[in-house]
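A closer look at the structure
Each chain is listed here by its residues.
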Amino acid sequence: MNASDPAQTSTASPAGRQAATLELRDVVKLYPGQEEPAVDHLSLEVPAGEICVLVGPSGCGKTTAMRMVNRMVEITDGDILVGGQSVTDRTPYELRREIGYVIQQVGLFPHLTIADNIATVPKLLGWDRDRIAARVEELLQLVQLDPEQTRDRYPAQLSGGQRQRIGVARALATDPPLMLMDEPFGAIDPINRERLQNEFLRLQVELRKTIVFVTHDIDEAIKMGDRIAILKQGGRLAQYAEPAELLMNPADEFVKDFVGNDRALKRLALQRVRDIDLWQAPMVRKGETTASVRQKLEKADVKIPLLVDEDGCPIGWLSDRAYAGEEVKADLRSRAEPTVEMDDILRDALADLLGSELQYGVVVDEQGRATGVLSIELVGQGVHGVAPARTGADALAT
Amino acid sequence: MAENGFCPEWIVQNWDRYVDPFFQHVLLTVVSVVIGFAIAAVMAVVAHRRRRLNGPLVGLTEVLYTIPSPAAFLLLLPFTGFGTVSALIALTAYSLNAMLRSMVTGLAGVPEDIKDSARGMGLTERQLLWKVELPLALPEIFAGLRIASVTTVGLATLAFLAGAGGLGESIESQISFKSNVVVAGGLCVLLAVALDSLIRTLQKASTPWTRARLT
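Predicted model only: the values in this text are computed from it and were never measured.

Focus: the domain arrangement of chain A
- Examined at the domain level, chain A breaks down into domain 1 (2–267) and domain 2 (273–397).
- A separation of 43 Å is found between the C-alpha centroids of domain 1 of chain A and domain 2 of chain A.

Written out as structure tokens, the structure reads:
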């Protein structure tokens, strides 16, 4: 999109600023007059370009921990390094202008137009007008809002979802190496929330920012995080791991409870169909000899022939009668519906399988051609991280 | 022509005698409101930065406001003498309360999340005040300014007690003569309405965002 205009990119952003690693070293926050620290010896490292989600029940210090990174809350003890440099090396103002900041209520300035809102930090840094205008244009396109229609409006003239997008654009204005996001989608209705999450993840593939993302919602954490830090009361780190690890090997009872009893189901959101070693069905075409079909059945994982058309697109599962004679007839026991796509997450694929008659799902590639078969058993094995064994034949026989 | 009657002919012939008092009145009002605005603004910023001073400062202007107005003009005479200065001091003191209150309310009404995002992006406290808090407090500040202006136009009719002239003197000099009272009083009303609409126009021009609605 905007990258297609090289002149614009070069004037608008300090071409592709590197994401920074973030390191918290034994960070403590003790508020004056309180006995228990809000954050207690928290150490974690976020590799450059990854999303680290801080999650936990209310009062676990997750927001405090995030706010210490840009010194909205001062550190009592320990240190925080951004790109290897201590956050205390600079004044809080200089530091904050280098770090993107998005909060739940967005906090757009109601008295400024959208363009001026986005231009807040560039103006503080003294960018010239042309550079600011070009950057605003670029950012509005990036968050999929029409610059012409949006630029001169006031925040009150936008919907909640649009305001949230502007909040993200504003935080990205100077292409900061690190972003802090405090429940950024918390105030959005569930449908738009999911859309914004997906949109943000797609954006992140391009931007590769280091991001600290705070939420109380474990499902959001699993979806958004490359790594998840679960905090418990008193700001102590319960577990810091990748989502799959967290779901498969919760460190203690607290994590287990917090993640919930449906850990296995939640893992379905982490895997896609392409991650699964699929079964092969005997694919036959109309008019093929039954001898050839029987030969294919011998070798196949699934013991039901799948009728495909000329291009290899699935039509349906053949009945026994279909290959009783000399040649295969189009006599189906059921249609091959619904089909599953390689990019579907297992949770969605499982829902499809449960709805189909044979509980098999034909997996199709981008051209709609059958490439394999997904079964409920395979989904189950995928969840447990067991290499799928080819025992489908027996399963079908019973 | 009846002695006490209303006589348009007389008004036309004697128009000149109202010109000076009118401009005196304008001067008294505008100067005291402008000075009052500046003092209230400083007080408001101090009260905003140091919350403990909020109560005492607002309280002080309240006390000034409760002094009976004729008394105020006379009380100052031993100190600042008979004339415009005494009148201006009294009028300024009266104007403080409405403006300080509205400024304090306006600044306190700026939502926390907006201030948080401003600080989080690296605005200094001074930038926060000038770029965010004051602009957002403008509707309240203007409301206070309007009340103070209109009130001061009224109070300035007593400025003649301190020897500062104004339309009050014209009214007082021939209080039983209807034509005189109507003209002098009418000019007061006109001045109040004019000032009010002038400030309203300024407010509209400087706060376009308050009329922005989802379309």
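Now that the structure is up, let's keep going.
Section: the sheet that holds strand S15 (residues 340–341) of chain A
Residues and elements named next belong to chain A.
- Pairing within the open sheet is mixed, and its three strands lie in the order S15-S16-S17. Strands with a single pairing partner mark the edges of an open sheet, and in this sheet they are S15 and strand S17 (370–375).
- Bridge count for S15 against strand S16 (residues 360–364) is two bridges, and the pairing is parallel. Paired with Glu-341 across the strands is Val-364, a residue of S16.
- Across the sheet, helix H15 (residues 346–355) lies against S15, S16 and S17, angled at about 80° from S17, the strand it touches most.

Topic: the sheet that holds strand S9 (residues 227–232) of chain A
Residue and element names in this part refer to chain A.
- The six strands are arranged S6-S7-S8-S3-S9-S10 in an open sheet whose pairing can be described as mixed. With one partner strand each, in any of the chains shown, strand S6 (99–103) and strand S10 (236–241) form the two edges of the open sheet. Averaged over all neighbouring strand pairs, the angle between strand axes comes to 15°, with direction disregarded.
- As judged from the five bridges shared by strand S3 (residues 51–55) and strand S8 (residues 210–215), these two strands associate in the parallel manner. Paired with Val-55 across the two strands is Thr-215, which belongs to S8.

A short note on the packing of aromatic side chains
Residues and elements named next belong to chain A.
- On inspection of all chains with the given rule, the structure shows seven aromatic pairs over all chains.
- Grouping aromatic residues by their ring pairs yields a cluster made of Phe-185, Phe-200 and Phe-213.
- The lysine or arginine in question, Lys-29, covers the ring of Tyr-31, its NZ or CZ lying 5.0 Å from the ring centre.
- One cation-aromatic arrangement involves Arg-170 over Phe-109; the distance from NZ or CZ to the ring centre is 4.9 Å.

Quick look at unusual backbone geometry
Residues and elements named next belong to chain A.
- One non-glycine residue, Val-106, lies in the positive phi region at around 70°.
- Relative to the elements of secondary structure, Val-106 occurs in the loop between S6 and helix H4 (114–118).
- A positive phi angle, close to 55°, is found at Asp-175, a residue other than glycine.
- Inspection of the secondary structure assignment puts Asp-175 in the loop between helix H8 (160–171) and strand S7 (178–182).
- Of the residues examined, Asp-175 reaches a relative accessible area of 9% and is grouped as buried.

Regarding the interface of chain B and chain A
- Contacts between the two partners involve 23 residues from chain B, matched on the other side by 26 residues from chain A.
- Area buried by chain B at its contact with chain A is led by Asp-116, Met-121 and Trp-209 of chain B, which between them contribute 28% of it.
- The tally of links from chain B across to chain A stands at one salt bridge.
- Across the chain B-chain A interface, the total number found is eight residue pairs in polar contact (both at pLDDT 80 or more).
- Secondary-structure elements contributing two or more residues to the side of chain B that touches chain A are helix H7 (112–120) and helix H8 (125–155) of chain B.
- Broken down by class, the residue content of the side of chain B that touches chain A amounts to 11 nonpolar, six polar and six charged.

Regarding the pattern of salt bridges
All names here are of chain A.
- Considering all chains together, one arrives at 24 salt bridges over all chains under this definition.
- Salt-bridge contacts for Arg-227 lead to Glu-50; the nearest nitrogen and oxygen are separated by 2.7 Å. Separated by 177 residues along the polypeptide, Arg-227 in strand S9 and Glu-50 in the loop between strand S2 (39–46) and S3 bring together distant segments of the chain.
- Classification of Arg-227 as partly exposed rests on a relative accessible area of 22%.
- Arg-193 is the salt-bridge partner of Asp-217, the closest N and O atoms lying 3.5 Å from each other. Of this pair, Asp-217 sits in the loop between S8 and helix H10 (218–224) while Arg-193 is found in helix H9 (residues 190–207), placing the two residues 24 residues apart along the sequence. For the pair formed by Asp-217 and Arg-193, the shared burial category is buried.
- A cluster of three or more residues bridged by salt bridges with shared partners is formed by Glu-137, Glu-148 and Arg-151.

A closer look at the pairing of strand S13 (residues 314–318) of chain A
All names here are of chain A.
- Among the five residues that make up S13, four are buried, leaving the element largely enclosed by the rest of the structure.
- As paired strands, strand S12 (residues 306–308) and S13 are joined by three bridges and run antiparallel to one another. The residue bridging Val-308 from the neighbouring strand is Pro-314, located in S13.
- Between S12 and S13, which pair antiparallel one after the other, the connecting turn spans five residues, and Gly-312 there sits at a positive phi close to 95°.

Cut-offs used in this document
Residues numbered from 1 in each chain as written. Chains lettered and ligands numbered in written order. Predicted model: local features only at pLDDT ≥ 70, side-chain atom pairs only at ≥ 80, totals over all residues. Heavy atoms only, no water. Domains from an automatic or database assignment. Pairing = 2+ DSSP bridges. Helix = DSSP H or I, 4+ residues; strand = E, 2+ residues; numbered from the N terminus. Contact = heavy atoms within 4.5 Å. Axes fitted to C-alpha atoms, helices over the stretch in contact; angles between N-to-C directions. Phe/Tyr/Trp six-rings, centres within 6.5 Å; stacked < 30°, edge-to-face > 60°. Lys NZ or Arg CZ within 6 Å of the ring centre and 35° of its normal. Buried < 20%, exposed > 50% of the residue type's maximum accessible area, 1.4 Å probe, protein only. Buried area = accessible area lost by both parts, 1.4 Å probe. Salt bridge = Lys/Arg side-chain N within 4 Å of Asp/Glu carboxyl O. Polar contact = N/O pair within 3.5 Å; in protein donor to acceptor, adjacent residues only side chain to side chain. Nonpolar A, V, L, I, M, F, W, Y, C, P; charged D, E, K, R; others polar.

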